[in-house]
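# Residue-level structural notes
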Amino acid sequence: MPFFRRLSPRRLMIFGSAFVLFGFFAFSLAPITSPLPRYTGPHEVGVLDVEVEVEPRLVNGNEAVLKETGERAFELSTLAVTLYYPSTIPPPAPGQPQPYARPWLPQPISLIGTGYARLARVYFPPLQALFTFTMWALGSSTVIPGIVDAPLLSQSQKTLLDESGGISGLGRVTEAEESDGRMELRGTKGDKTVDVNVQGIDNLLKEKFPCVVFTHGMAGMSQSYSHYLGSIASHGYVVAAIEHRDGSGPGTIVHHPNGTERRVWHLQLADLSASPAMTAADLKVAQLAFREAEIHETVQLFQNLTAGHGATLTNLKPDSPSSSLAGFKDRLDMDAITVAGHSYGATGALQALKCAPSADVPFNGGIALDPGKGSGPLNHAIEVPTLVLQSGEWTDKQTQFYDQGWHFAVVRDLVAATRKGWFLTLRGTAHPSVTDAPLIVPWIMRLVTGTTLNAEVALREYIDVSVDFLQVLQRVRNAGPLTRPVSSPEGPLGEVQDRGTVEGSSGGEWEVHVVSEV
Ligand SMILES: *[C@@H]1O[C@H](CO)[C@@H](O)[C@H](O)[C@H]1NC(C)=O
Ligand SMILES: *[C@@H]1O[C@H](CO)[C@@H](O)[C@H](O)[C@H]1NC(C)=O
(Lines give C-alpha, C1' and ligand atoms only; values in the text may rest on other atoms or scores of the structure.)
(Ligands and ions follow the chains in the order given, each with its own letter.)
Protein backbone atom coordinates (compact mmCIF):
# COMPACT_ATOMS: atom_id res chain seq x y z
CA MET A 1 0.00 0.00 0.00
CA PRO A 2 2.48 2.71 -1.12
CA PHE A 3 -0.13 5.42 -0.83
CA PHE A 4 -0.65 4.62 2.83
CA ARG A 5 3.05 4.61 3.66
CA ARG A 6 3.73 7.95 2.01
CA LEU A 7 0.94 9.73 3.82
CA SER A 8 0.85 11.03 7.33
CA PRO A 9 -2.51 10.59 9.11
CA ARG A 10 -3.02 14.34 8.80
CA ARG A 11 -2.58 14.37 5.04
CA LEU A 12 -4.76 11.30 4.80
CA MET A 13 -7.53 13.08 6.65
CA ILE A 14 -7.31 16.13 4.42
CA PHE A 15 -7.33 13.87 1.36
CA GLY A 16 -10.18 11.81 2.72
CA SER A 17 -12.45 14.67 3.62
CA ALA A 18 -11.71 16.46 0.35
CA PHE A 19 -12.81 13.40 -1.56
CA VAL A 20 -15.91 12.91 0.60
CA LEU A 21 -16.89 16.52 -0.03
CA PHE A 22 -16.14 16.12 -3.72
CA GLY A 23 -18.27 12.97 -3.77
CA PHE A 24 -21.28 14.68 -2.21
CA PHE A 25 -20.79 17.68 -4.47
CA ALA A 26 -20.74 15.45 -7.51
CA PHE A 27 -23.74 13.50 -6.31
CA SER A 28 -25.79 16.63 -5.64
CA LEU A 29 -24.98 17.74 -9.19
CA ALA A 30 -25.97 14.41 -10.71
CA PRO A 31 -29.45 15.58 -11.74
CA ILE A 32 -27.82 18.23 -13.91
CA THR A 33 -26.15 15.65 -16.12
CA SER A 34 -27.62 15.82 -19.60
CA PRO A 35 -28.45 12.92 -21.92
CA LEU A 36 -26.29 12.66 -25.03
CA PRO A 37 -27.93 14.37 -28.01
CA ARG A 38 -28.95 12.57 -31.22
CA TYR A 39 -26.29 12.03 -33.81
CA THR A 40 -26.02 14.75 -36.43
CA GLY A 41 -26.12 12.75 -39.69
CA PRO A 42 -29.00 11.33 -41.72
CA HIS A 43 -28.57 7.68 -40.66
CA GLU A 44 -29.34 5.95 -37.39
CA VAL A 45 -26.39 4.37 -35.61
CA GLY A 46 -25.59 0.85 -34.50
CA VAL A 47 -23.04 0.34 -31.73
CA LEU A 48 -21.20 -2.83 -30.81
CA ASP A 49 -18.34 -3.75 -28.50
CA VAL A 50 -16.12 -6.33 -30.13
CA GLU A 51 -13.07 -8.11 -28.75
CA VAL A 52 -11.22 -10.61 -30.90
CA GLU A 53 -8.21 -12.83 -30.52
CA VAL A 54 -5.10 -11.72 -32.38
CA GLU A 55 -1.76 -13.45 -32.80
CA PRO A 56 -0.27 -13.09 -29.31
CA ARG A 57 3.03 -11.25 -29.21
CA LEU A 58 5.25 -8.89 -27.27
CA VAL A 59 5.06 -5.62 -29.19
CA ASN A 60 8.58 -4.55 -30.33
CA GLY A 61 9.85 -7.52 -28.30
CA ASN A 62 9.54 -5.36 -25.20
CA GLU A 63 9.93 -7.66 -22.18
CA ALA A 64 9.21 -5.10 -19.44
CA VAL A 65 7.10 -6.55 -16.63
CA LEU A 66 4.70 -4.99 -14.15
CA LYS A 67 6.17 -4.89 -10.64
CA GLU A 68 2.72 -5.43 -9.16
CA THR A 69 1.86 -8.71 -10.89
CA GLY A 70 4.95 -9.86 -12.78
CA GLU A 71 2.93 -9.83 -16.02
CA ARG A 72 4.37 -8.58 -19.31
CA ALA A 73 3.32 -4.98 -19.80
CA PHE A 74 3.37 -4.91 -23.61
CA GLU A 75 1.82 -8.26 -24.52
CA LEU A 76 -0.84 -7.96 -27.20
CA SER A 77 -3.28 -10.88 -27.18
CA THR A 78 -6.71 -9.45 -28.04
CA LEU A 79 -8.05 -6.37 -29.82
CA ALA A 80 -11.01 -4.52 -28.32
CA VAL A 81 -12.97 -1.90 -30.26
CA THR A 82 -16.33 -0.18 -30.08
CA LEU A 83 -17.91 -0.12 -33.54
CA TYR A 84 -20.22 2.74 -34.56
CA TYR A 85 -21.90 2.20 -37.92
CA PRO A 86 -24.84 3.48 -39.97
CA SER A 87 -28.09 1.62 -39.43
CA THR A 88 -31.82 2.17 -39.79
CA ILE A 89 -33.28 1.43 -36.38
CA PRO A 90 -33.90 4.64 -34.44
CA PRO A 91 -33.44 4.77 -30.67
CA PRO A 92 -36.68 5.03 -28.69
CA ALA A 93 -37.99 8.48 -27.81
CA PRO A 94 -36.50 10.08 -24.68
CA GLY A 95 -37.99 8.50 -21.57
CA GLN A 96 -38.91 5.28 -23.40
CA PRO A 97 -37.12 2.11 -22.33
CA GLN A 98 -34.21 1.11 -24.53
CA PRO A 99 -33.92 -2.67 -24.26
CA TYR A 100 -30.43 -2.98 -25.70
CA ALA A 101 -28.91 0.27 -24.52
CA ARG A 102 -25.15 0.50 -24.24
CA PRO A 103 -24.33 2.28 -20.98
CA TRP A 104 -21.94 5.13 -21.61
CA LEU A 105 -19.66 3.94 -18.80
CA PRO A 106 -17.99 0.62 -19.51
CA GLN A 107 -18.90 -2.13 -17.06
CA PRO A 108 -17.97 -2.82 -14.34
CA ILE A 109 -17.98 0.83 -13.24
CA SER A 110 -15.67 -0.11 -10.35
CA LEU A 111 -12.96 -0.93 -12.91
CA ILE A 112 -13.11 2.60 -14.28
CA GLY A 113 -13.48 4.22 -10.84
CA THR A 114 -10.51 2.28 -9.48
CA GLY A 115 -8.60 3.04 -12.68
CA TYR A 116 -9.05 6.79 -12.31
CA ALA A 117 -8.14 6.51 -8.62
CA ARG A 118 -4.92 4.71 -9.55
CA LEU A 119 -4.30 7.39 -12.18
CA ALA A 120 -4.43 9.90 -9.33
CA ARG A 121 -2.05 7.64 -7.40
CA VAL A 122 -4.76 6.67 -4.90
CA TYR A 123 -4.38 3.04 -3.83
CA PHE A 124 -6.42 3.12 -0.61
CA PRO A 125 -9.54 1.01 -1.33
CA PRO A 126 -12.14 3.20 0.47
CA LEU A 127 -10.90 6.25 -1.47
CA GLN A 128 -10.95 4.22 -4.68
CA ALA A 129 -14.57 3.37 -3.87
CA LEU A 130 -15.27 7.08 -3.69
CA PHE A 131 -13.96 7.51 -7.23
CA THR A 132 -16.27 4.71 -8.35
CA PHE A 133 -19.16 6.38 -6.55
CA THR A 134 -18.40 9.67 -8.33
CA MET A 135 -18.24 7.96 -11.71
CA TRP A 136 -21.51 6.23 -10.95
CA ALA A 137 -23.17 9.47 -9.81
CA LEU A 138 -22.11 11.40 -12.89
CA GLY A 139 -22.12 8.77 -15.58
CA SER A 140 -24.41 5.87 -14.81
CA SER A 141 -27.61 7.40 -16.15
CA THR A 142 -26.05 8.13 -19.54
CA VAL A 143 -26.56 5.70 -22.41
CA ILE A 144 -25.09 5.85 -25.90
CA PRO A 145 -27.99 6.79 -28.19
CA GLY A 146 -27.33 4.05 -30.73
CA ILE A 147 -28.81 0.56 -30.92
CA VAL A 148 -26.58 -2.31 -29.82
CA ASP A 149 -25.96 -4.83 -32.61
CA ALA A 150 -28.42 -3.12 -35.00
CA PRO A 151 -28.09 -4.33 -38.60
CA LEU A 152 -25.70 -2.39 -40.85
CA LEU A 153 -27.53 -0.05 -43.19
CA SER A 154 -28.29 -2.07 -46.33
CA GLN A 155 -26.95 -1.01 -49.70
CA SER A 156 -30.35 -0.08 -51.02
CA GLN A 157 -31.25 1.90 -47.93
CA LYS A 158 -28.01 3.82 -48.16
CA THR A 159 -28.76 4.72 -51.75
CA LEU A 160 -32.37 5.66 -51.10
CA LEU A 161 -31.89 7.86 -48.10
CA ASP A 162 -30.91 11.39 -48.88
CA GLU A 163 -28.71 13.53 -46.65
CA SER A 164 -31.74 14.80 -44.75
CA GLY A 165 -32.55 11.24 -43.65
CA GLY A 166 -35.75 11.15 -45.64
CA ILE A 167 -37.17 9.71 -48.83
CA SER A 168 -39.45 11.87 -50.89
CA GLY A 169 -43.01 11.26 -49.72
CA LEU A 170 -41.90 9.28 -46.71
CA GLY A 171 -40.34 11.74 -44.29
CA ARG A 172 -38.03 10.12 -41.76
CA VAL A 173 -37.67 6.36 -42.17
CA THR A 174 -38.42 4.45 -38.97
CA GLU A 175 -38.49 0.82 -40.17
CA ALA A 176 -37.12 -1.00 -43.16
CA GLU A 177 -37.39 -4.63 -44.15
CA GLU A 178 -35.82 -6.24 -47.16
CA SER A 179 -36.54 -9.54 -48.88
CA ASP A 180 -36.34 -10.96 -52.40
CA GLY A 181 -35.23 -7.71 -53.97
CA ARG A 182 -38.14 -5.82 -52.45
CA MET A 183 -38.03 -3.42 -49.59
CA GLU A 184 -40.81 -2.27 -47.33
CA LEU A 185 -40.23 1.03 -45.64
CA ARG A 186 -42.22 2.73 -42.95
CA GLY A 187 -41.72 6.36 -42.14
CA THR A 188 -43.31 9.26 -40.37
CA LYS A 189 -44.46 12.40 -42.05
CA GLY A 190 -45.75 14.96 -39.60
CA ASP A 191 -47.66 12.74 -37.18
CA LYS A 192 -48.76 10.22 -39.84
CA THR A 193 -47.19 6.84 -40.51
CA VAL A 194 -46.50 6.13 -44.19
CA ASP A 195 -45.65 2.76 -45.79
CA VAL A 196 -43.84 2.37 -49.08
CA ASN A 197 -42.80 -0.68 -51.14
CA VAL A 198 -39.72 -0.39 -53.26
CA GLN A 199 -39.22 -2.93 -56.09
CA GLY A 200 -36.09 -3.98 -57.88
CA ILE A 201 -33.60 -2.79 -55.33
CA ASP A 202 -31.09 -5.37 -56.55
CA ASN A 203 -30.28 -3.00 -59.36
CA LEU A 204 -29.42 -0.15 -57.10
CA LEU A 205 -25.77 0.69 -56.74
CA LYS A 206 -23.79 -1.59 -54.48
CA GLU A 207 -22.04 0.68 -52.08
CA LYS A 208 -19.33 0.09 -49.55
CA PHE A 209 -18.73 2.19 -46.50
CA PRO A 210 -15.52 4.09 -45.93
CA CYS A 211 -14.00 3.32 -42.52
CA VAL A 212 -12.38 5.25 -39.69
CA VAL A 213 -10.02 3.89 -37.01
CA PHE A 214 -10.07 6.09 -33.91
CA THR A 215 -7.49 6.15 -31.13
CA HIS A 216 -8.25 7.80 -27.78
CA GLY A 217 -6.19 10.16 -25.64
CA MET A 218 -4.24 9.67 -22.42
CA ALA A 219 -6.63 8.65 -19.62
CA GLY A 220 -9.38 8.28 -22.23
CA MET A 221 -11.54 5.32 -23.18
CA SER A 222 -13.02 4.07 -26.44
CA GLN A 223 -16.44 5.52 -25.64
CA SER A 224 -15.28 8.89 -24.29
CA TYR A 225 -15.90 10.25 -27.81
CA SER A 226 -19.22 8.54 -28.56
CA HIS A 227 -21.00 11.65 -29.84
CA TYR A 228 -18.22 12.69 -32.20
CA LEU A 229 -17.72 9.14 -33.50
CA GLY A 230 -21.40 8.13 -33.58
CA SER A 231 -22.14 11.28 -35.55
CA ILE A 232 -19.44 10.47 -38.10
CA ALA A 233 -21.03 7.00 -38.40
CA SER A 234 -24.44 8.61 -38.91
CA HIS A 235 -23.01 10.30 -42.02
CA GLY A 236 -22.23 6.88 -43.55
CA TYR A 237 -18.91 5.70 -42.10
CA VAL A 238 -18.00 2.57 -40.17
CA VAL A 239 -15.95 3.70 -37.18
CA ALA A 240 -13.88 1.47 -34.89
CA ALA A 241 -12.81 3.17 -31.66
CA ILE A 242 -9.94 1.22 -30.13
CA GLU A 243 -9.85 0.43 -26.42
CA HIS A 244 -6.08 0.62 -26.05
CA ARG A 245 -4.29 -1.86 -23.78
CA ASP A 246 -1.08 0.14 -23.70
CA GLY A 247 -1.60 1.33 -20.13
CA SER A 248 -2.77 4.80 -21.14
CA GLY A 249 -6.44 4.38 -20.15
CA PRO A 250 -7.84 4.15 -16.63
CA GLY A 251 -8.49 0.42 -16.79
CA THR A 252 -9.53 -2.29 -19.23
CA ILE A 253 -9.93 -6.07 -19.12
CA VAL A 254 -8.36 -8.40 -21.66
CA HIS A 255 -10.60 -11.48 -22.13
CA HIS A 256 -8.59 -14.47 -23.30
CA PRO A 257 -10.24 -17.13 -25.47
CA ASN A 258 -9.62 -19.71 -22.71
CA GLY A 259 -11.93 -17.78 -20.39
CA THR A 260 -9.27 -16.16 -18.20
CA GLU A 261 -8.95 -12.40 -18.02
CA ARG A 262 -6.21 -9.87 -17.35
CA ARG A 263 -6.74 -6.37 -15.96
CA VAL A 264 -4.69 -3.61 -17.56
CA TRP A 265 -4.42 -0.56 -15.35
CA HIS A 266 -3.03 2.86 -16.09
CA LEU A 267 0.72 2.55 -16.33
CA GLN A 268 3.48 4.83 -15.11
CA LEU A 269 7.21 4.43 -15.37
CA ALA A 270 7.53 3.45 -11.71
CA ASP A 271 5.18 0.48 -12.29
CA LEU A 272 7.60 -1.16 -14.70
CA SER A 273 10.62 -3.30 -14.20
CA ALA A 274 12.91 -3.75 -17.19
CA SER A 275 16.58 -4.22 -17.89
CA PRO A 276 17.99 -1.91 -18.91
CA ALA A 277 15.55 0.34 -17.05
CA MET A 278 13.12 2.26 -19.24
CA THR A 279 13.05 6.06 -19.40
CA ALA A 280 9.93 8.21 -19.75
CA ALA A 281 10.75 8.58 -23.45
CA ASP A 282 11.10 4.77 -23.80
CA LEU A 283 7.67 4.33 -22.22
CA LYS A 284 6.09 6.67 -24.81
CA VAL A 285 7.84 4.84 -27.65
CA ALA A 286 6.60 1.51 -26.26
CA GLN A 287 3.03 2.76 -25.81
CA LEU A 288 2.88 4.36 -29.25
CA ALA A 289 4.24 1.15 -30.81
CA PHE A 290 1.57 -0.81 -28.95
CA ARG A 291 -1.09 1.57 -30.21
CA GLU A 292 0.21 1.26 -33.74
CA ALA A 293 -0.02 -2.54 -33.48
CA GLU A 294 -3.64 -2.22 -32.31
CA ILE A 295 -4.39 0.21 -35.18
CA HIS A 296 -3.07 -2.35 -37.67
CA GLU A 297 -5.09 -5.14 -36.04
CA THR A 298 -8.18 -2.94 -36.45
CA VAL A 299 -7.50 -2.70 -40.18
CA GLN A 300 -7.21 -6.50 -40.11
CA LEU A 301 -10.56 -6.69 -38.31
CA PHE A 302 -12.16 -4.56 -41.06
CA GLN A 303 -10.54 -6.90 -43.61
CA ASN A 304 -11.91 -9.96 -41.79
CA LEU A 305 -15.40 -8.45 -41.54
CA THR A 306 -15.63 -7.48 -45.19
CA ALA A 307 -14.23 -10.93 -46.12
CA GLY A 308 -17.27 -12.42 -44.39
CA HIS A 309 -15.63 -13.74 -41.19
CA GLY A 310 -18.15 -11.79 -39.10
CA ALA A 311 -20.58 -14.72 -39.19
CA THR A 312 -18.14 -17.02 -37.38
CA LEU A 313 -16.25 -14.51 -35.29
CA THR A 314 -16.05 -15.16 -31.54
CA ASN A 315 -16.78 -11.96 -29.65
CA LEU A 316 -14.76 -12.23 -26.44
CA LYS A 317 -16.41 -9.15 -24.90
CA PRO A 318 -18.70 -10.54 -22.19
CA ASP A 319 -22.44 -10.04 -22.76
CA SER A 320 -21.78 -8.43 -26.13
CA PRO A 321 -23.70 -9.91 -29.08
CA SER A 322 -22.31 -10.17 -32.61
CA SER A 323 -25.23 -11.11 -34.85
CA SER A 324 -24.95 -7.95 -36.98
CA LEU A 325 -21.32 -8.70 -37.94
CA ALA A 326 -22.30 -11.20 -40.66
CA GLY A 327 -23.92 -8.26 -42.46
CA PHE A 328 -20.54 -6.55 -42.89
CA LYS A 329 -19.54 -8.99 -45.65
CA ASP A 330 -18.42 -7.05 -48.77
CA ARG A 331 -19.56 -3.78 -47.21
CA LEU A 332 -16.32 -2.10 -46.15
CA ASP A 333 -14.23 -0.05 -48.55
CA MET A 334 -10.70 -1.17 -47.76
CA ASP A 335 -9.30 1.57 -50.01
CA ALA A 336 -10.90 4.26 -47.86
CA ILE A 337 -9.68 3.83 -44.30
CA THR A 338 -8.83 6.98 -42.38
CA VAL A 339 -7.01 7.02 -39.05
CA ALA A 340 -8.07 9.59 -36.46
CA GLY A 341 -7.19 10.34 -32.86
CA HIS A 342 -7.27 12.83 -30.02
CA SER A 343 -4.27 14.04 -27.97
CA TYR A 344 -1.99 11.02 -27.39
CA GLY A 345 -4.16 9.32 -29.99
CA ALA A 346 -3.60 12.18 -32.44
CA THR A 347 0.14 11.69 -32.04
CA GLY A 348 -0.47 7.96 -32.60
CA ALA A 349 -2.62 8.63 -35.68
CA LEU A 350 0.10 10.81 -37.24
CA GLN A 351 2.65 8.11 -36.46
CA ALA A 352 0.43 5.48 -38.09
CA LEU A 353 0.52 7.53 -41.32
CA LYS A 354 4.22 6.78 -41.77
CA CYS A 355 4.50 4.78 -45.02
CA ALA A 356 0.82 5.36 -45.93
CA PRO A 357 -0.65 4.62 -48.32
CA SER A 358 0.70 1.12 -48.87
CA ALA A 359 -0.59 -2.44 -48.70
CA ASP A 360 0.43 -2.70 -45.05
CA VAL A 361 -0.73 0.80 -44.14
CA PRO A 362 -3.78 1.39 -46.32
CA PHE A 363 -4.73 4.76 -44.84
CA ASN A 364 -6.03 7.39 -47.24
CA GLY A 365 -5.66 10.21 -44.71
CA GLY A 366 -5.53 11.19 -41.07
CA ILE A 367 -7.38 13.38 -38.58
CA ALA A 368 -5.42 14.66 -35.58
CA LEU A 369 -7.37 16.46 -32.85
CA ASP A 370 -5.04 18.35 -30.50
CA PRO A 371 -1.91 16.33 -31.31
CA GLY A 372 -0.11 15.68 -28.05
CA LYS A 373 2.24 18.19 -26.54
CA GLY A 374 3.81 15.73 -24.12
CA SER A 375 3.31 12.49 -26.03
CA GLY A 376 6.57 12.38 -27.89
CA PRO A 377 7.84 14.06 -31.08
CA LEU A 378 5.43 14.02 -34.03
CA ASN A 379 5.97 11.96 -37.18
CA HIS A 380 6.65 14.28 -40.12
CA ALA A 381 6.84 11.61 -42.84
CA ILE A 382 3.28 12.03 -44.12
CA GLU A 383 2.23 11.69 -47.76
CA VAL A 384 -1.56 11.54 -47.44
CA PRO A 385 -4.09 14.33 -46.78
CA THR A 386 -4.11 15.27 -43.12
CA LEU A 387 -6.53 17.35 -41.09
CA VAL A 388 -5.35 18.85 -37.81
CA LEU A 389 -8.02 20.47 -35.65
CA GLN A 390 -6.98 22.17 -32.44
CA SER A 391 -9.02 23.53 -29.58
CA GLY A 392 -8.63 27.21 -28.75
CA GLU A 393 -6.89 26.26 -25.53
CA TRP A 394 -4.38 23.96 -27.28
CA THR A 395 -3.47 26.68 -29.77
CA ASP A 396 -3.36 29.58 -27.31
CA LYS A 397 -1.33 27.94 -24.52
CA GLN A 398 1.95 27.56 -26.37
CA THR A 399 4.82 25.41 -25.13
CA GLN A 400 8.23 24.59 -26.51
CA PHE A 401 8.10 21.22 -28.24
CA TYR A 402 11.04 18.82 -27.94
CA ASP A 403 13.66 21.47 -28.88
CA GLN A 404 11.86 21.97 -32.20
CA GLY A 405 10.31 25.36 -31.40
CA TRP A 406 6.78 26.32 -30.47
CA HIS A 407 4.23 23.50 -30.67
CA PHE A 408 2.02 25.60 -32.99
CA ALA A 409 4.87 26.19 -35.44
CA VAL A 410 5.85 22.51 -35.42
CA VAL A 411 2.29 21.41 -36.20
CA ARG A 412 1.83 24.13 -38.85
CA ASP A 413 5.06 23.20 -40.62
CA LEU A 414 4.22 19.52 -40.45
CA VAL A 415 0.82 20.07 -42.12
CA ALA A 416 2.20 22.57 -44.64
CA ALA A 417 4.93 20.12 -45.67
CA THR A 418 2.32 17.53 -46.71
CA ARG A 419 0.92 20.15 -49.16
CA LYS A 420 -2.44 18.41 -48.88
CA GLY A 421 -3.44 19.13 -45.34
CA TRP A 422 -5.48 21.55 -43.28
CA PHE A 423 -4.77 23.01 -39.86
CA LEU A 424 -7.57 24.87 -38.08
CA THR A 425 -8.39 26.04 -34.56
CA LEU A 426 -11.92 26.21 -33.14
CA ARG A 427 -12.16 29.33 -30.96
CA GLY A 428 -13.68 29.15 -27.50
CA THR A 429 -12.95 25.46 -26.93
CA ALA A 430 -10.65 23.48 -24.64
CA HIS A 431 -8.77 20.20 -24.88
CA PRO A 432 -11.74 17.98 -23.79
CA SER A 433 -14.27 19.79 -26.03
CA VAL A 434 -14.36 16.96 -28.58
CA THR A 435 -15.13 14.35 -25.89
CA ASP A 436 -18.56 13.55 -24.45
CA ALA A 437 -17.75 15.14 -21.09
CA PRO A 438 -18.93 18.69 -21.92
CA LEU A 439 -22.22 17.24 -23.22
CA ILE A 440 -22.88 15.17 -20.10
CA VAL A 441 -21.76 17.66 -17.44
CA PRO A 442 -21.88 20.94 -19.38
CA TRP A 443 -21.40 23.42 -16.65
CA ILE A 444 -18.86 21.51 -14.63
CA MET A 445 -16.78 21.39 -17.80
CA ARG A 446 -17.37 25.06 -18.52
CA LEU A 447 -16.24 25.95 -15.00
CA VAL A 448 -13.18 23.74 -15.14
CA THR A 449 -12.02 24.47 -18.70
CA GLY A 450 -13.29 28.02 -19.25
CA THR A 451 -14.77 27.35 -22.68
CA THR A 452 -16.92 30.07 -24.22
CA LEU A 453 -18.41 28.14 -27.14
CA ASN A 454 -21.53 26.08 -26.36
CA ALA A 455 -20.54 22.39 -26.00
CA GLU A 456 -23.04 21.06 -28.52
CA VAL A 457 -22.12 23.72 -31.10
CA ALA A 458 -18.43 22.91 -30.62
CA LEU A 459 -19.04 19.22 -31.26
CA ARG A 460 -21.16 19.98 -34.33
CA GLU A 461 -18.31 22.06 -35.71
CA TYR A 462 -15.74 19.31 -35.05
CA ILE A 463 -18.05 16.73 -36.62
CA ASP A 464 -18.93 18.82 -39.68
CA VAL A 465 -15.34 19.72 -40.54
CA SER A 466 -14.22 16.11 -39.95
CA VAL A 467 -17.00 14.78 -42.21
CA ASP A 468 -16.15 17.46 -44.81
CA PHE A 469 -12.57 16.20 -44.76
CA LEU A 470 -13.68 12.56 -45.07
CA GLN A 471 -15.85 13.59 -48.02
CA VAL A 472 -12.93 15.39 -49.64
CA LEU A 473 -11.06 12.05 -49.37
CA GLN A 474 -14.09 10.49 -51.14
CA ARG A 475 -13.83 13.25 -53.74
CA VAL A 476 -17.14 14.77 -52.72
CA ARG A 477 -16.98 18.55 -52.85
CA ASN A 478 -18.17 20.59 -49.93
CA ALA A 479 -18.61 24.20 -48.92
CA GLY A 480 -17.38 24.27 -45.31
CA PRO A 481 -14.40 26.01 -43.71
CA LEU A 482 -12.01 23.69 -45.61
CA THR A 483 -12.76 25.60 -48.82
CA ARG A 484 -11.83 28.96 -47.28
CA PRO A 485 -8.42 30.66 -47.53
CA VAL A 486 -5.93 30.96 -44.69
CA SER A 487 -7.21 33.48 -42.16
CA SER A 488 -4.63 33.20 -39.39
CA PRO A 489 -1.22 32.07 -40.69
CA GLU A 490 0.67 32.71 -37.46
CA GLY A 491 -2.08 31.88 -34.94
CA PRO A 492 -0.89 32.65 -31.40
CA LEU A 493 2.60 33.50 -32.66
CA GLY A 494 1.42 36.48 -34.72
CA GLU A 495 -0.27 39.78 -33.95
CA VAL A 496 -3.77 39.64 -32.50
CA GLN A 497 -5.24 41.63 -35.40
CA ASP A 498 -3.88 39.08 -37.90
CA ARG A 499 -5.85 36.24 -36.34
CA GLY A 500 -8.87 36.20 -38.64
CA THR A 501 -11.64 33.61 -38.39
CA VAL A 502 -14.13 32.05 -40.76
CA GLU A 503 -17.61 31.01 -39.71
CA GLY A 504 -18.38 27.32 -39.35
CA SER A 505 -21.62 25.56 -40.25
CA SER A 506 -23.12 25.88 -36.76
CA GLY A 507 -21.94 29.33 -35.80
CA GLY A 508 -18.52 28.46 -34.40
CA GLU A 509 -15.46 30.46 -35.42
CA TRP A 510 -12.47 28.74 -37.01
CA GLU A 511 -9.00 30.13 -37.42
CA VAL A 512 -7.62 28.67 -40.65
CA HIS A 513 -3.82 28.28 -40.38
CA VAL A 514 -2.94 25.99 -43.30
CA VAL A 515 -4.98 24.85 -46.30
CA SER A 516 -4.34 22.11 -48.86
CA GLU A 517 -2.55 23.19 -52.04
CA VAL A 518 -4.33 20.58 -54.14
C1 LIG B 1 -5.21 -18.55 -20.98
O2 LIG B 1 -4.63 -17.85 -22.07
C3 LIG B 1 -3.70 -16.84 -21.69
C4 LIG B 1 -3.28 -16.07 -22.94
O5 LIG B 1 -2.96 -16.91 -23.99
C6 LIG B 1 -2.52 -17.49 -20.97
O7 LIG B 1 -1.59 -16.49 -20.60
C8 LIG B 1 -3.04 -18.21 -19.76
O9 LIG B 1 -1.98 -18.89 -19.12
C10 LIG B 1 -4.12 -19.22 -20.13
N11 LIG B 1 -4.69 -19.75 -18.90
C12 LIG B 1 -5.08 -20.99 -18.78
C13 LIG B 1 -5.63 -21.39 -17.45
O14 LIG B 1 -4.98 -21.79 -19.68
C1 LIG C 1 -8.48 -12.07 -38.91
O2 LIG C 1 -8.64 -13.39 -39.41
C3 LIG C 1 -7.46 -14.19 -39.31
C4 LIG C 1 -7.75 -15.51 -40.02
O5 LIG C 1 -8.93 -16.07 -39.56
C6 LIG C 1 -7.09 -14.38 -37.85
O7 LIG C 1 -5.91 -15.15 -37.74
C8 LIG C 1 -6.86 -13.00 -37.24
O9 LIG C 1 -6.57 -13.13 -35.86
C10 LIG C 1 -8.08 -12.10 -37.44
N11 LIG C 1 -7.72 -10.79 -36.94
C12 LIG C 1 -8.61 -9.94 -36.45
C13 LIG C 1 -8.08 -8.66 -35.91
O14 LIG C 1 -9.80 -10.15 -36.43
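A brief structural summary. Small disclaimer: the values here were computed from a predicted structure and weren't measured. (Residues numbered from 1 in each chain as written. Chains lettered and ligands numbered in written order. Predicted model: local features only at pLDDT ≥ 70, side-chain atom pairs only at ≥ 80, totals over all residues. Heavy atoms only, no water.)

## Points about helix α7 (residues 280-306)
Here α7 contains 27 residues, and its C-alpha end-to-end distance of 39 Å stays within 8% of the 39 Å for a straight helix at 1.5 Å per residue. Phi for Gly308, located one or two positions after α7, is positive at around 95°. (Helix = DSSP H or I, 4+ residues; strand = E, 2+ residues; numbered from the N terminus. Expected span 1.5 Å × (residues − 1).)

## Points about the site of ligand 1
All residues in the neighbourhood of ligand 1 are listed as His256, Asn258 and Thr260. Asn258 has a polar side-chain atom sitting 2.4 Å from an oxygen atom of ligand 1. (Near = heavy atom within 4 Å. Polar contact = N/O pair within 3.5 Å; in protein donor to acceptor, adjacent residues only side chain to side chain.)

## Focus: the pairing of strand β13 (residues 251-255)
In terms of residue burial, β13 counts as a mostly covered element, since 5 of its 5 residues are buried. Where burial is concerned, the two faces of β13 agree: the one with Gly251, Ile253 and His255 and the one with Thr252 and Val254 are both buried. Where β13 meets strand β14 (residues 261-265), 5 bridges bridge the pair, whose relative direction is antiparallel. Bridged to Val254 within β14 is Arg262. (Buried < 20%, exposed > 50% of the residue type's maximum accessible area, 1.4 Å probe, protein only. Pairing = 2+ DSSP bridges.)

## Here we look at the layout of surface pockets
Empty space within the second largest pocket amounts to approximately 550 Å³. What lines the second largest pocket is a set of 32 residues, and nearest its centre among them are Asp49, Pro106, Gln107, Lys317 and Pro318. Among the elements of the structure, β1 (44-58), β4 (102-103), α3 (109-119) and β13 are those that each provide at least two residues to the lining of the second largest pocket. Here the lining of the second largest pocket is composed, by residue class, of 16 nonpolar, 11 polar and 5 charged. (1 Å grid on protein atoms, 1.4 Å probe; cavity = no way out; pocket = protein on both sides within 12 Å on 5 of 7 lines; lining within 4 Å. Points joined across faces, edges and corners; volume = space filled by probe spheres on them. Nonpolar A, V, L, I, M, F, W, Y, C, P; charged D, E, K, R; others polar.)

Scope: geometric values only; no functional claims are made or implied.
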